[in-house]
Amino acid sequence: MKESKYELKNWKRWKHTLYLLKKTREELNGKKIIIDDEHQEINKMMQDIVSKIEHYDLIIYNYEFFIKRLEEAIDKILTNEEKTCVLIYANDPDNAAKREYTALEKGISRTVYYKTLSSACNKLDKVLAPFNDQDLNNYICKKSIEL
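Residues numbered from 1 in each chain as written. Predicted model: local features only at pLDDT ≥ 70, side-chain atom pairs only at ≥ 80, totals over all residues. Heavy atoms only, no water.

Visitor: Even after reading the chapter, I still don't get the environment of Glu 7, so can you show me in this structure?
Guide: Assignment of secondary structure puts Glu 7 in helix H1 (residues 3-29). A relative accessible area of 1% places Glu 7 in the buried class. Taking the C-alpha atoms as reference points, Glu 7 and Leu 128, 121 residues apart in sequence, are found 9.1 Å from one another. (Helix = DSSP H or I, 4+ residues; strand = E, 2+ residues; numbered from the N terminus. Buried < 20%, exposed > 50% of the residue type's maximum accessible area, 1.4 Å probe, protein only.)

Visitor: Could you clarify how one ought to interpret the packing of helix H4 (residues 80-91) against helix H6 (residues 110-128) in this entry?
Guide: A packed helix pair is summarised by two numbers, namely the angle formed by the two axes and the spacing between the axes. Running from N to C, H4 and H6 cross one another at 95°; their axes reach a closest spacing of 9 Å. In terms of axis orientation, H4 runs roughly perpendicular to H6. Together, Glu 81, Glu 82, Cys 85, Val 86, Ile 88 and Tyr 89 of H4 and Val 112, Tyr 113, Thr 116, Leu 117, Ser 119, Ala 120, Lys 123 and Leu 124 of H6 make up the contact between the two elements. Residue classes in the contact of H4 with H6 are distributed as 9 nonpolar, 2 polar and 3 charged. (Axes fitted to C-alpha atoms, helices over the stretch in contact; angles between N-to-C directions. Parallel < 35°, antiparallel > 145°, perpendicular 65-115°, else oblique. Contact = heavy atoms within 4.5 Å. Nonpolar A, V, L, I, M, F, W, Y, C, P; charged D, E, K, R; others polar.)

Visitor: What exactly am I supposed to notice about the pattern of salt bridges here?
Guide: If charged atoms from side chains of opposite charge come close, those side chains can pair. Per the counting criterion, the structure on display carries 9 salt bridges. In this structure, the salt-bridge partner of Lys 98 is Asp 92, at a minimum N-O distance of 3.6 Å. (Salt bridge = Lys/Arg side-chain N within 4 Å of Asp/Glu carboxyl O.)

Visitor: Please explain the nonpolar core as it appears in this structure.
Guide: Nonpolar side chains in soluble globular proteins tend to end up buried together. Ranked by internal contacts, the top residues of the largest apolar core, which has 24 residues, are Leu 8, Trp 11, Ile 74, Val 86, Tyr 113, Leu 117 and Leu 124. Put simply, the parts of the chain that give this core at least two residues each are H1, helix H3 (53-77), H4 and H6. In terms of residue count, H6 provides more of this core than any other element does, 6 residues in total. If we skip the residues at most four places from it in the chain, Leu 124 touches Ser 4, Leu 8, Ala 73, Ile 74, Leu 78, Val 86 and Ala 129. (Core = buried A, V, L, I, M, F, W, Y, C linked by side-chain atoms within 4.5 Å.)

Visitor: Whenever I open this one, the packing of aromatic side chains confuses me. Can you help?
Guide: In this description, a pair of aromatic rings is defined by centroid distance and the angle of the planes. Under the definition given, this model contains 4 aromatic pairs. Plain terms: the ring middles of Trp 14 and Phe 66 are 6.3 Å apart, the flat faces sit at 55° to each other, and that makes the pair tilted. Taken together, the residues span a long stretch of sequence, with Trp 14 in helix H1 and Phe 66 in helix H3 at a distance of 52 residues. Ring centres of Phe 65 and Phe 66 lie 5.2 Å apart, and the angle between their planes is 80°; this geometry places the pair in the edge-to-face category. These aromatic residues form a ring-pair network of at least three members: Tyr 6, Trp 14, Phe 65 and Phe 66. Above the plane of the ring of Tyr 89 lies Lys 5, whose end atom (NZ or CZ) is 5.6 Å from the centre. (Phe/Tyr/Trp six-rings, centres within 6.5 Å; stacked < 30°, edge-to-face > 60°. Lys NZ or Arg CZ within 6 Å of the ring centre and 35° of its normal.)

Visitor: Which parts of the structure should I look at to understand H6?
Guide: The periodicity of an α-helix, 3.6 residues per turn, causes residues three or four positions apart to be oriented the same way. The end-to-end C-alpha distance of H6 is 26 Å, a good match for the 27 Å that 19 residues give at a rise of 1.5 Å each. Among the residues making up H6, those that are buried are Tyr 113, Thr 116, Leu 117, Ala 120, Cys 121, Leu 124, Asp 125 and Leu 128. On its buried face, H6 sits against H1, H3, H4 and helix H5 (96-105). (Expected span 1.5 Å × (residues − 1).)

Visitor: Whenever I open this one, the side chain of Glu 7 confuses me. Can you help?
Guide: Polar side-chain contacts of Glu 7 include one of 3.2 Å to the side chain of Arg 69. Glu 7 has contacts with Trp 14, Phe 66, Arg 69, Leu 70 and Leu 128, leaving out every residue within four places of it along the chain. (Polar contact = N/O pair within 3.5 Å; in protein donor to acceptor, adjacent residues only side chain to side chain.)

Visitor: Which parts of the structure should I look at to understand the environment of Leu 21?
Guide: On the secondary structure map, Leu 21 appears in helix H1. Residue classification places Leu 21 among the buried positions, given a relative accessible area of 14%. Separated by 42 residues in the primary sequence, Leu 21 and Tyr 63 place their C-alpha atoms 9.6 Å from one another.

These results come straight from atomic positions and should not be treated as a statement about function.
Printed below as a string of structure tokens:
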């Protein structure tokens, strides 16, 4: 699968996961651990979770990086028609019939939709995975300056 199609397919899920991570992190930040004798194990588990809040920061940073990278590539590289086709694909990546119907509603024929989507994905792949077509042996032999 192309890198761009993979990222477009997961774009909405990543945004939702990022929202949940941020919400959970905020909730954990505000928690105060109250230790009583009856719930020692639960309190210990909560303390461990709260102490690992730095992990949330790292995971949130990674999700934000990939989402921002994809959104900026879409915004800066693609034409308006290509953006429309990419958004149609991202809204329903697993339902081809619904994508085709949505494209028709927007005045884009099925053939033009797939041609435009393919062109847009090729453009995005050049940015999102620039070394995708490179042979592993050539990559290893090159100096870091050449990359």
